[in-house]
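Next come the chains, spelled out residue by residue.
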Amino acid sequence: MSGPQERQAASTLQLCRLMRPDDSNLAGNVHGGIILKMIEEAGCIIGTRHCNVQNGDRCLAALVRVEKTEFLSPMFIGEVAHVTAEITFTSKHSLEVQVKVIGENVLTGAKKLASKAALWYVPCSLKNVEKIMEVPPIKYASAEQEEEGRKRYEAQKMERMETKARIEEAVAPPANPEQHTVGFSQSSLIHLVGPSDCTLHDYVHGGATMKLMDEVAGIVAARHCNTNIVTASVDAINFHRKIKKGCVLTVTGRLTFISNKSMEIEVMVDASSMVEAEMRKYRAVTAFFTYISLDKDNKPLPVPSLKIESEDEQRRFDEGKARYLQNKAKRLSNNQGQQ
Amino acid sequence: MSGPQERQAASTLQLCRLMRPDDSNLAGNVHGGIILKMIEEAGCIIGTRHCNVQNGDRCLAALVRVEKTEFLSPMFIGEVAHVTAEITFTSKHSLEVQVKVIGENVLTGAKKLASKAALWYVPCSLKNVEKIMEVPPIKYASAEQEEEGRKRYEAQKMERMETKARIEEAVAPPANPEQHTVGFSQSSLIHLVGPSDCTLHDYVHGGATMKLMDEVAGIVAARHCNTNIVTASVDAINFHRKIKKGCVLTVTGRLTFISNKSMEIEVMVDASSMVEAEMRKYRAVTAFFTYISLDKDNKPLPVPSLKIESEDEQRRFDEGKARYLQNKAKRLSNNQGQQ
Amino acid sequence: MSGPQERQAASTLQLCRLMRPDDSNLAGNVHGGIILKMIEEAGCIIGTRHCNVQNGDRCLAALVRVEKTEFLSPMFIGEVAHVTAEITFTSKHSLEVQVKVIGENVLTGAKKLASKAALWYVPCSLKNVEKIMEVPPIKYASAEQEEEGRKRYEAQKMERMETKARIEEAVAPPANPEQHTVGFSQSSLIHLVGPSDCTLHDYVHGGATMKLMDEVAGIVAARHCNTNIVTASVDAINFHRKIKKGCVLTVTGRLTFISNKSMEIEVMVDASSMVEAEMRKYRAVTAFFTYISLDKDNKPLPVPSLKIESEDEQRRFDEGKARYLQNKAKRLSNNQGQQ
């Protein structure tokens with residue numbers, strides 16, 4: 001392989017995988033968490049590869065943020081997911097990877113855009129995981145392209161600063177909660193971090209965490225409406241703190257807001273070491289998942305409304321509604337912008 | 001294959017598998033739950049095969065009870081587990097399978113008995129899972145052997161009658177529990193039953209349930225003593241009700257009793273359907289797991305004592321102590337009997 | 001996408017995946033079975049896609065043969081495997097896929113050819129798995145290319161005819177076999193075919209079978225020489241009969257031949273239904289795996305010689321030796337041909 005061509009090849013990455021029964025729910029819909037995990041694997045590979053083309057410590061790309069991700073069309077068992085990743089911006093210490101997931105039905109040949117995502121990584125030295133390495137710059141097709149990338153970079157930087165993890169304790173639900181209350185569908189899982197969840201420096205892959213988060217959010221949504229439910233979107237996720245092998249993760253999901261046809265679920269990930277003396281639990285990640293309820297023909301169904309029982313629940317509902325309206329407005333203006 | 005030889009072959013079964021990183025904890029010890037799962041897989045295959053040698057509906061062997069199981073020596077990553085299963089008794093509608101697990105270090109050639117277990121199955125028709133089929137009789141080597149099997153059968157039958165599942169609600173732990181209390185280490189996980197957890201008729205394999213139970217018990221034990229912990233034994237488990245694909249399992253573990261060098265953890269499995277209207281949660285399985293804490297040389301360590309905070313906790317502690325003393329007495333008398 | 005470009009895109013496929021701890025042995029070497037499984041997944045996707053570009057029944061590409069496959073350089077945890085598949089020949093009812101696996105160390109940027117393989121598929125209708133569909137022809141770059149493909153096609157067809165599966169029973173090893181005999185290292189595993197092993201029409205993926213075969217062969221090899229062992233090559237494998245979901249597979253491996261630095265292990269896969277009345281066991285696949293023993297620096301070690309104990313073992317040893325000498329001669333002539 002010649003030099004320049006090699007560079008070209010290094011800046012994009014293709015990954016594909018057949019969707020299996022274990023990747024999907026009873027109705028055959030592939031879990032959003034499976035797609036998020038593939039997206040992150042692609043991002044991690046291309047990011048790590050890029051940051052190691054230079055001399056100096058070997059390093060791994062660690063996920064620090066995923067931008068709002070939408071699931072545009074459902075995927076099913078037996079389809080092939082094609083994941084394409086590309087590095088689209090580099091700052092001194094971070095890089096942006098844009099990822100596209102195409103679902104292919106190999107029987108009919110039909111293809112559809114299943115999801116698009118943008119992820120931010122920072123390179124951590126393998127010798128000392130706290131040491132952030134420098135990112136080699138990429139070449140842009142145009143000055144305009146670089147300028148747009150810089151805007152995205154500044155925007156996400158500001159947001160990451162603002163959203164310091166709210167370490168609000170997830171309150172245990174009441175003993176016999178009434179149906180359609182927040183307490184009724186609130187769910188928690190614990191997961192012992194194993195070797196397969198981890199990178200080479202024994203920290204959890206962001207994708208593994210997102211898969212668990214989607215699993216809990218899906219159970220919350222199904223408990224609320226007792227129907228086939230699918231992930232519609234995930235709000236931007238910031239990964240505040242790394243999670244080490246051997247930790248126990250407690251992943252809790254609760255309903256925050258409900259519109260006519262969607263549910264917003266807040267998912268919190270708390271990590272604690274089982275063996276270290278201090279044993280302090282810390283909030284590692286928080287995110288908002290939006291789910292929709294589907295009938296047998298994959299058409300959206302109305303969602304039962306949420307019975308609010310406390311001031312905190314009302315506050316979170318109002319905040320969720322604000323996010324919902326903001327997203328709706330953004331979607332409308334984007335659509336107009338494209339016309 | 002000639003008739004008699006085939007019969008011979010069908011009544012025992014050999015299974016072996018390499019222990020992988022994901023099968024074990026950070027210290028390299030294979031999880032007891034992994035071994036329980038292999039034991040049950042062997043039992044299910046040999047039981048199902050035996051019950052289908054006759055005419056009539058095709059059927060699957062469903063696990064109804066596992067006798068007390070001890071883990072005699074730890075297994076490690078890279079070792080090969082050899083599981084041997086044999087049908088040792090048949091009643092009209094149930095059969096007993098005895099299983100032995102040998103751990104082999106393929107590098108040194110060393111072998112050790114890792115575990116022994118006895119499981120009871122009933123054959124359920126594939127057409128109608130509520131229909132229990134008849135079990136073809138086996139031939140015994142001697143009248144004495146048959147008689148001993150009958151005694152084990154009567155004993156377990158009586159115990160199964162007695163232990164109707166106590167559907168006592170697992171109380172949520174207090175908000176800021178003090179270390180070494182029951183509330184501090186109490187843990188719950190939820191698990192959405194997927195296709196790989198299930199048999200051909202879409203009910204959960206007993207082994208899959210036991211693996212989850214061991215996972216929770218291990219987290220409780222590690223939270224209590226912050227050391228490397230391993231499963232020492234599991235009391236008899238009765239599987240009162242079947243669990244269907246698509247259910248959500250809530251598996252909760254809490255400390256009941258602590259001796260000098262062991263912890264007893266009660267694990268409860270509650271199942272609830274996500275899609276069926278009624279949504280009733282039911283207690284599917286309960287069991288007591290005993291864990292020990294190990295130092296770096298795999299020697300048992302003393303366990304921090306348990307701070308009792310309520311009358312219920314004291315009652316459970318006393319009940320656990322009674323079980324502990326009873327098991328100790330039984331072990332002593334067995335050892336004397338063998339001499 | 002426009003027509004011609006789409007055709008172009010459809011005839012090759014890229015798949016990549018990060019190698020994880022569970023993919024490898026204790027020394028960090030990725031199991032040959034993992035690589036074979038990825039190769040087959042790529043072949044199945046591209047084959048199925050190609051056969052469905054035409055009208056008529058939807059169909060799946062079923063693996064019928066894998067040509068001799070060599071593992072040219074070892075892969076390790078943390079590396080990325082890039083699998084590229086291309087359809088290189090089509091007959092009326094079958095197609096050949098050539099697959100290349102490149103291992104990439106994303107930290108150093110180093111790339112190496114890990115393996116090359118050629119697989120033969122036939123398209124089976126989804127409506128009736130016994131119905132073999134027609135394969136749409138591909139366009140060849142040159143008449144010469146087509147001619148070479150036809151030669152490979154004729155050669156494998158003849159071989160498939162010849163090697164009717166010898167259903168010679170794998171004899172149980174003696175009770176206390178002496179070290180370095182065939183009986184000492186002979187190993188069996190049984191596996192209950194689950195949903196994740198299967199294709200859309202509920203038959204086992206060839207790749208899933210090959211992974212199990214490699215697992216058994218690896219245990220045989222490790223038992224014989226008690227060192228770190230890796231797959232060096234696999235002789236051509238013919239898949240005589242399909243294996244259905246719910247079957248029990250018995251996979252047995254035994255040493256046949258040993259050269260200075262390699263072991264040949266015969267692996268037999270027998271399938272039997274647990275529930276169907278007839279219960280006949282049948283030999284589904286047979287293959288020869290060659291393993292080598294490595295020291296800590298991944299240099300080949302001498303292999304302990306094999307103690308032959310019966311005429312059958314001697315016959316198999318001689319046959320193995322003939323295969324070994326033939327392969328060696330072929331390799332030599334190929335190398336000369338390339339110079």
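Parameters at a glance
Counting of residues starts from 1 at the beginning of each chain's written sequence and follows it residue by residue. Each chain is given a letter, starting from A, and each ligand a number, starting from 1, according to the order in which they appear as written. Side-chain atom pairs in this predicted model are given and counted only at pLDDT of 80 or more, local residue features only at pLDDT of at least 70, and totals for whole chains, interfaces and linings cover all residues. Computation of side-chain values covers all heavy atoms of the structure but excludes hydrogens and water. Contact definition: two residues touch when any of their heavy atoms are within 4.5 Å. Summed over both partners, the accessible area lost on bringing two parts together, with a 1.4 Å probe, is the buried area. The term salt bridge refers to a pairing of a side-chain nitrogen on Lys or Arg with a carboxyl oxygen on Asp or Glu at a separation within 4 Å. Between N or O atoms, a polar contact is any pair within 3.5 Å; within protein, one atom must be a potential hydrogen donor and the other a potential acceptor, and residues adjacent in sequence are included only when both atoms are from side chains. In DSSP terms, a helix is any run of H or I states spanning at least four residues, a strand is any run of E spanning at least two, and both are numbered starting from the N terminus. The residue classification treats Ala, Val, Leu, Ile, Met, Phe, Trp, Tyr, Cys and Pro as nonpolar and Asp, Glu, Lys and Arg as charged. All others, Gly included, are polar. Helix span is expected to be 1.5 Å times the residue number reduced by one. Each residue is placed in one exposure class: buried if its accessible area under a 1.4 Å probe, protein chains only, is under 20% of its type's maximum, exposed if it is over 50%, and partly exposed if it falls in between. UniProt positions are given in the numbering used here, feature names are shortened, and annotations may be inferred rather than shown by experiment. The atoms used to superpose the copies are C-alpha atoms, taken from residues with pLDDT of at least 70 in both, and the fit is least squares. Whether two strands pair comes down to DSSP finding at least two bridges between them.

With an unreviewed UniProt entry as reference, chain A is termed palmitoyl-CoA hydrolase, source organism Sphaeramia orbicularis.

Undergrad: Explain the interface of chain B and chain C here, please?
TA: Frequently, the measure chosen for interface size is the accessible area removed from exposure when the parts meet. The interface is formed by 30 residues belonging to chain B together with 26 residues belonging to chain C. In total, chain B and chain C occlude about 2600 Å² of area from one another, counting both sides; carbon and sulfur atoms represent 65% of this. Ranking the residues of chain B by area buried against chain C places Cys16, Arg49 and Leu107 of chain B at the top, with a combined share of 19%. The interface formed by chain B and chain C contains one salt bridge. Salt-bridge contacts for Glu104 of chain B lead to Arg223 of chain C; the nearest nitrogen and oxygen are separated by 2.4 Å. Taken together, the links from chain B to chain C amount to six residue pairs in polar contact (both at pLDDT 80 or more). Among the secondary structure elements, those contributing two or more residues to the side of chain B that touches chain C are strand S1 (12-18), helix H2 (32-51), strand S2 (59-66) and strand S4 (80-90) of chain B. Taken together, the residues of the side of chain B that touches chain C break down into 16 nonpolar, seven polar and seven charged.

Undergrad: For this particular structure, what's the right way to read the interface of chain A and chain C?
TA: Listed per partner, the contact involves 34 residues of chain A and 34 residues of chain C. Remark: the boundary between chain A and chain C carries two salt bridges. Residues Arg49 of chain C and Glu104 of chain A are paired through a salt bridge, measuring 2.6 Å at the closest nitrogen-oxygen approach. Breaking the side of chain A that touches chain C down by element, the ones donating at least two residues are strand S1 (12-18), helix H2 (32-51), strand S2 (59-66) and strand S4 (80-90) of chain A. Here the residues of the side of chain A that touches chain C are counted per class, giving 16 nonpolar, eight polar and ten charged.

Undergrad: What's the story with H2 of chain B in this structure? I'm lost.
TA: Counting along an α-helix, one turn takes 3.6 residues, and residues three or four places apart therefore face a common direction. Taking 1.5 Å of rise per residue, the 20 residues of H2 of chain B would be expected to cover 28 Å, and the 28 Å separating its terminal C-alpha atoms lies within 8% of that figure. For H2 of chain B, the tally of buried residues reaches 18 of 20 residues, placing the bulk of the element in the interior.

Undergrad: I keep staring at the UniProt feature "active site" (unreviewed entry) in chain A and nothing clicks. Help me out?
TA: Residues and elements named next belong to chain A. Under the present numbering, the feature "active site" (unreviewed entry) in UniProt falls on Asn25 and Asp214. Spanning 190 residues, the named residues form one tight spatial group whose C-alpha atoms are at most 12.2 Å apart. Judged by relative accessible area, which is 17%, Asn25 ranks as buried. A distance of 3.0 Å separates the side chain of Asn25 from the backbone nitrogen of Ala27, its partner in a polar contact. We classify Asp214 as buried; its relative accessible area is 3%. Sequence-distant contacts of Asp214, that is, excluding residues within four places in its chain, are made with His31, Gly32, Gly33, Thr231, Phe289 and Tyr291.

Undergrad: Looking at this structure, how should I read the relation of the copies chain B and chain C?
TA: In this arrangement, two copies of a chain are superimposed by a rotation about an axis accompanied by a shift along the axis. The transform that puts chain B on chain C rotates by 120 degrees and translates by 0.2 Å along the axis, for an RMSD of 0.1 Å. Here the two chains are linked by the operation of a three-fold rotation axis. Residue by residue, only 13% of the interface of chain B is reproduced at the interface of chain C, so the copies engage with different surfaces.

Undergrad: Looking at this structure, how should I read the pattern of salt bridges?
TA: Oppositely charged side chains can pair when the atoms bearing their charge come close. For the structure shown, the criterion picks out 54 salt bridges over all chains. Each of Asp57, Lys127 and Lys131 of chain A takes part in a single network of salt bridges with overlapping partners.

Undergrad: Just to check I follow, could you spell out the pairing of strand S10 (residues 247-258) of chain C for this structure?
TA: Where a strand is regular, its side chains alternate between the two sheet faces. Residues and elements named next belong to chain C. Burial of S10 is extensive: twelve of the twelve residues sit out of reach of the surface. Here six bridges tie strand S7 (residues 187-192) to S10, and the two strands are oriented antiparallel to one another. Residue Ile190 lies in a different strand from S10, and its bridge partner there is Thr250. Judged from the eleven bridges that link them, S10 and strand S11 (residues 263-273) form a sheet pairing that is antiparallel. Residue pairing across strands places Arg254 opposite Glu266, the latter belonging to S11. What sits between S10 and S11 in their antiparallel hairpin is a turn of four residues.

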